[in-house]
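Structure assessment
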Amino acid sequence: MTTPVVAIFVAKAGSEQKLEELFRGVIETTLKEEGCITYQLNRDANNPSRFIWTEEWTSQALLDKHLSAPHIAELFAQVPDLVESSEVLPLVKLAGGAA
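Note that the structure is a prediction, hence the values are computed from the model and not measured. (Residues numbered from 1 in each chain as written. Predicted model: local features only at pLDDT ≥ 70, side-chain atom pairs only at ≥ 80, totals over all residues. Heavy atoms only, no water.)

On to the environment of N46, then. Tracing the sequence through the fold places N46 in the loop between β2 (36–44) and β3 (47–57). Owing to a relative accessible area of 75%, N46 belongs among the exposed residues under this scheme. (Helix = DSSP H or I, 4+ residues; strand = E, 2+ residues; numbered from the N terminus. Buried < 20%, exposed > 50% of the residue type's maximum accessible area, 1.4 Å probe, protein only.)

Bringing the packing of helix α1 (residues 16–31) against helix α3 (residues 70–78) into the picture now. Following both chains from N to C, one finds α1 and α3 inclined at 170 degrees, their axes separated by 10 Å at the closest point. By the criterion of interaxial angle, the relationship of α1 to α3 is roughly antiparallel. Taken together, the residues of α3 that come into contact with α1 (itself represented by L22, F23, V26, T29 and T30) are H71, I72, L75 and Q78. (Axes fitted to C-alpha atoms, helices over the stretch in contact; angles between N-to-C directions. Parallel < 35°, antiparallel > 145°, perpendicular 65-115°, else oblique. Contact = heavy atoms within 4.5 Å.)

What follows concerns α3. Three or more residues of α3 are buried, namely H71, I72 and L75. Projected down its long axis, α3 shows its buried positions confined to an angular sector of 95 degrees, all on one face. Of the exposed residues in α3, the ones pointing more than 90 degrees away from its buried face are P70, E74 and A77. Packing partners of the buried residues in α3 comprise α1, β2 and α2 (60–67). (Arc of directions from axis to C-beta.)

Next up on the list: the environment of E20. Here E20 lies in helix α1. Remark: the alpha-carbon pair of E20 and R43, spanning 23 residues in sequence, is separated by 9.2 Å. Within polar-contact distance, the side chain of E20 engages the side chain of R24 at 2.7 Å. (Polar contact = N/O pair within 3.5 Å; in protein donor to acceptor, adjacent residues only side chain to side chain.)

Turning next to the nonpolar core. Ranked by size, the top nonpolar core spans 20 residues in total, and within it F9, L19, F23, Y39, W53, L75 and V79 carry the most contacts. Looking at this core, the elements with two or more residues in it are β1 (3–11), α1, β2, β3 and α3. Tallying contributions element by element places α1 first for this core, with five residues. Setting aside chain neighbours within four positions, we find L75 in contact with L22, F23 and V26. (Core = buried A, V, L, I, M, F, W, Y, C linked by side-chain atoms within 4.5 Å.)

Structural data, given as structure tokens:
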């Protein structure tokens, strides 16, 4: 089975634009990574401060490799100053298509 993940970040007031720019900056590189099935940035339609990533990876090992990749390490170094809260939800796929 694949490894789906949902990650939720709530931006601090006034940091929404900068956080979105940082997030958008890692998408192209990540989509080229081995094992990446889907990597989608979303914004809550009712709360523009909330960003939701939906991801799916071919294995936990390749997700772990992604999390230690230089472009993600650089992102993670900048994100804490811009977010109020964050939550990463590793999921167990039961049925259906890509995350």
